[in-house]
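A structural walkthrough
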Amino acid sequence: MGFFSNLFGGKAKEEAPAAKAPASKTKTVYCPVAGTSIPLAEVEDPVFSQGMMGEGVGIRPSEGKLYAPADGTIAAVFPTGHAVGMQTEDGMELLLHIGIDTVEMKGEGFKAMVEQGAKVKKGDLLVEFDCAAIEAAGFKTTTMVLVSNAAMIGKMSEPKLGQVKPSEELFSFQ
């Protein structure tokens, strides 16, 4: 964020402490969706379960709302609304992917609430999605929370597994 602090001068520096609320820790990913967190190895798609897209977890959602898991910038919103790429303020590259093979739904059941380039705070609503529509179309709703540049930022902690709520700490890097 140094570039932006320099670009915008004192104002960005004054706002920085508010953006770093005590509950937020460096290199920490917070839960983006309510549901049940599972190890990545248990995700029903080998591209994700084998870690090809990054380290993280799968979450079987209990509601159709995806929230920002950290403060950062939206790097990409897939046109279908099923996936969001994000760059956090502390350098993590996140991929939030709703469902398995849901790209085939061509956007049906997904409503992106953000656009590429948007600045977001942990807990901001990113996407609304219809779990029933995903399942009715024959797809799994498992949502992947991945850090694609994990190898460059450290060792991932043991993730929180089981019931999770938005904004709870999910995992971090040392």
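Please read these numbers as outputs of a predicted model, since none were measured by experiment.

1. A few points about the overall build of the protein chain
When helices and strands are tallied, the protein chain shows five helices and 13 strands. Per-residue burial for the protein chain yields a buried fraction of 44% across its 174 residues. A sequence separation of at least 24 residues applies to 68% of the contacts in the protein chain between residues at least 6 apart. Summed over its atoms, the accessible surface of the protein chain is roughly 8,700 Å², and 55% of this surface lies on carbon and sulfur atoms.

2. Topic: the environment of Phe129
With respect to the helices, strands and loops of the structure, Phe129 is situated in strand β10 (residues 125-129). For Phe129, the contacting residues outside a window of four places in its chain are Val33, Pro61, Glu63, Gly64, Lys65, Leu66, Ile98, Gly109, Phe110, Ile134 and Thr143.

3. Some points on the sheet that holds strand β2 (residues 35-39)
Judged by pairing direction, the sheet is antiparallel, and its eight strands sit side by side in the order β9-β5-β6-β7-β11-β3-β2-β12 without closing on themselves. Across the chains shown, the open sheet's two edge strands, defined by having one partner strand only, are β9 (119-120) and β12 (162-164). Where strand β5 (residues 72-77) and β9 come together, two bridges link them in antiparallel fashion. Note that in β9 the partner of Gly72 across the bridge is Val120.

4. Let's talk about the sheet that holds β10
Taken in spatial order, the three strands make up an open sheet running β4-β10-β8, and their pairing is antiparallel. Taken across any chain shown, the strands that pair with only one partner, and hence form the sheet edges, are β4 (65-67) and β8 (110-112). On average, each strand axis in the sheet is tilted by 15 degrees relative to the strand beside it, whichever way the strands run. With three bridges connecting them, β4 and β10 associate as antiparallel partners. Bridge pairing links Lys65 to Glu128 in β10.

5. What to know about the side chain of Thr88
For Thr88, the position within the fold is in strand β6 (residues 83-88). What Thr88 contacts, discounting residues up to four positions off in sequence, is Ala70, Asp71, Gly72 and Leu94.

6. Topic: the environment of Gly81
Assignment of secondary structure puts Gly81 in the loop between β5 and β6. Distance in space between the C-alpha atoms of Gly81 and Ile98 is 8.7 Å, their sequence separation being 17 residues. In contact with Gly81, not counting residues within four places along its chain, are Ile98, Phe110 and Val127.

7. Topic: the pattern of salt bridges
Counted by the stated rule, this structure contains three salt bridges. A salt bridge links Lys121 to Glu89; the nearest nitrogen and oxygen atoms lie 4.0 Å apart. Highlighted residues: Lys121 in the loop between β9 and β10 and Glu89 in the loop between β6 and β7 (93-100), separated in sequence by 32 residues. For Lys121, a relative accessible area of 36% gives the class partly exposed.

About the cut-offs
- Residues numbered from 1 in each chain as written.
- Predicted model: local features only at pLDDT ≥ 70, side-chain atom pairs only at ≥ 80, totals over all residues.
- Heavy atoms only, no water.
- Helix = DSSP H or I, 4+ residues; strand = E, 2+ residues; numbered from the N terminus.
- Buried < 20%, exposed > 50% of the residue type's maximum accessible area, 1.4 Å probe, protein only.
- Contact = heavy atoms within 4.5 Å.
- Areas by Shrake-Rupley, 256 points an atom, 1.4 Å probe, with all protein chains shown as cover.
- Pairing = 2+ DSSP bridges.
- Axes fitted to C-alpha atoms, helices over the stretch in contact; angles between N-to-C directions.
- Salt bridge = Lys/Arg side-chain N within 4 Å of Asp/Glu carboxyl O.

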